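# Remarks on the overall topology
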Amino acid sequence: MSQTRLPRSRAAAVAVASLLVLGGAAPALAASGGDAPHAAAWHHREPLPTSYSIPGDKTYPEGIARQSGTPYFYVGSTSDGTIYRGDVRRSTTKVFLPGGKDGRTSVAGMKTDSAGRLIVAGGATGKVFVYDTRTHALLHVFDTGRTDTFLNDVALAPNGDAYISDSIHPALWHITAAELKSEKVQQPLNVGVDLTDSPMVYDDGFNGNGLVVTGDGRYVLLADYNDYAFYRIDLHTRQVVPIDLGGAKGVSGDGLLLRATP
């Protein structure tokens, strides 16, 4: 069977952007109760593979999520919505959820949370899909109800809320922790911040892309892929301001990593 192979350089670049480490030695991670049964602290002593292969010739992997407390990571296909699960200790990945299931025909960014949920931005479907990583069960479908969207990336806030970027429609979408805990499967996906009249101008092509929530939960930092710009969104006041990159030019942001400096 043919494989789509992520070379070490590409895997590392995607991994860093998504808050993952796939190419280096992985430390033992403490388990949280929500990650059981496979979240028991694990130890790795052997060298990790230098690349990870994904089945298929036209997979076009995009989103990637590392599951804390486990050796597992998840990769999604933009072409058909298949989600693969890999083990950082093994060079091959396996199908975790087949493409097309639950109407999931495309997958972009994704994240796993402390409760063992995989939160998946569904690209042009206009939906966010949430799955149980232990049982593979569909927990939620959050639907924008729009066709002029491309849900691109997911960021988790300290309080358990999720924020989703949109590359076509000027909105920052928001899922609350209470909605994620709800037993209701079908739910609307609500706008957290309307970006229509903000300094972030949506042009033709891809706009909102990578995003991250600050450690205090106050701000979302959002990349504008089209305009090589970054914005800070105040989740309390809804104010949107450009971020000064200190003179750096031509930075077109995709996945983002926010790291504190001493």
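Look above for the structure.
Here the structure is a predicted model, which is why all the values come from computation and not from measurement.

This paragraph deals with the overall build of the protein. Assigned secondary structure in the protein consists of two helices and 19 strands. Put simply, the protein has 262 residues, and 50% of those count as buried. Long-range pairs, those at least 24 residues apart, make up 50% of the contacts in the protein with a sequence separation of at least 6. Carbon and sulfur atoms make up 53% of the accessible area of the protein, which amounts to about 12200 Å² in all.

What follows is about the nonpolar core. What tends to happen in soluble globular proteins is that the nonpolar side chains get buried as a cluster. By size, the foremost hydrophobic cluster in this structure holds 17 residues, and its most contacted members are Tyr163, Leu172, Leu195, Leu211, Val220 and Ile233. Taken together, the elements giving at least two residues each to this core come down to β16 (208-213), β17 (219-224) and β18 (229-234). Element by element, the count of residues in this core is highest for β18, at three residues. The contact partners of Leu172, leaving out residues within four places of it in the chain, are Tyr163, Ile164, Val191, Gly192, Val193, Leu195, Leu211, Val220, Ile233 and Leu235. Judged by nonpolar contacts, the second largest core, of 14 residues, contains Ile119, Ala121, Trp173 and Ile175.

Next up on the list: the sheet that holds strand β3 (residues 61-66). Spatial ordering of the open sheet is given by β3-β4-β5-β6, a layout of four strands whose pairing is antiparallel. At either end of the open sheet lies a strand with only one pairing partner, and these are β3 and β6 (93-97). Between one strand and the next, the sheet's axes are offset by a mean angle of 30°, whatever the strand orientation.

A word on the pairing of strand β13 (residues 171-175). Within a regular strand, side chains alternate between the sheet's two faces. Of all five residues that make up β13, five are buried, and the element is covered over most of its length. Both faces of β13 are covered, namely the face carrying Ala171, Trp173 and Ile175 and the face carrying Leu172 and His174. In the sheet, strand β12 (residues 162-166) pairs with β13 via three bridges, with the strands oriented antiparallel. Looking across to β13, one finds that Tyr163 is bridged to His174.

With that settled, the discussion passes to the pattern of salt bridges. Using the criterion set out here, one finds seven salt bridges in the structure. Taking the shortest distance from any N to any O, the salt bridge between Asp87 and Arg89 comes out at 2.7 Å. On the basis of relative accessible area, Asp87 is assigned to the buried category, the value being 5%. Residue Arg89 is classed as partly exposed on the basis of its relative accessible area of 35%. For Arg90, the salt bridge identified is with Asp87, shortest N-O distance 2.5 Å.

Where burial is concerned, most of strand β11 (residues 151-156) is hidden: five out of the six residues are buried. By the bridge criterion, four bridges tie β11 to β12 in an arrangement that is antiparallel. Paired with Leu156 across the two strands is Ala162, which belongs to β12. What sits between the antiparallel neighbours β11 and β12 is a turn of five residues, in which Gly160 has the positive phi angle 95°.

Hydrogen bonds between backbone groups are what pair the strands of a sheet, and the pairing can be parallel or antiparallel. Read from one edge of the open sheet, five strands run β7-β8-β9-β10-β14, paired in mixed fashion. Here the strands that pair on one side only, and so sit at the sheet edges, are β7 (110-112) and β14 (186-188). Ignoring which end each strand starts from, the neighbouring axes of this sheet average 20° apart.

Next up on the list: a nonpolar patch on the surface. A cluster of nonpolar residues, Ile168, Phe206 and Tyr225, forms a patch on the protein surface that exposes about 260 Å² of accessible area. The exposure class of Tyr225 is partly exposed, given its relative accessible area of 38%.

Turning our attention to unusual backbone geometry. The backbone phi angle of Tyr60 is positive, close to 50°, even though this residue is not glycine. If you trace the backbone, Tyr60 turns up in the loop between β2 (52-55) and β3. In this structure, His136 takes a positive phi of about 70° despite not being glycine. Relative to the assigned elements, His136 resides in the loop between β9 (127-132) and β10 (138-143).

Relative to the helices and strands, Gln187 resides in strand β14. Looking at Gln187, the relative accessible area reads 10%, which means it is buried. Beyond its immediate stretch of four places on either side in the chain, Gln187 contacts His140, Val141, Phe142, Asp143, Glu179 and Ser182.

What counts, and where the lines are drawn
- Residues numbered from 1 in each chain as written.
- Predicted model: local features only at pLDDT ≥ 70, side-chain atom pairs only at ≥ 80, totals over all residues.
- Heavy atoms only, no water.
- Helix = DSSP H or I, 4+ residues; strand = E, 2+ residues; numbered from the N terminus.
- Buried < 20%, exposed > 50% of the residue type's maximum accessible area, 1.4 Å probe, protein only.
- Contact = heavy atoms within 4.5 Å.
- Areas by Shrake-Rupley, 256 points an atom, 1.4 Å probe, with all protein chains shown as cover.
- Core = buried A, V, L, I, M, F, W, Y, C linked by side-chain atoms within 4.5 Å.
- Pairing = 2+ DSSP bridges.
- Axes fitted to C-alpha atoms, helices over the stretch in contact; angles between N-to-C directions.
- Salt bridge = Lys/Arg side-chain N within 4 Å of Asp/Glu carboxyl O.
- Patch = residues over 30% accessible without salt bridge, like charges linked within 9 Å, V, L, I, M, F, W, Y side chains within 5 Å.

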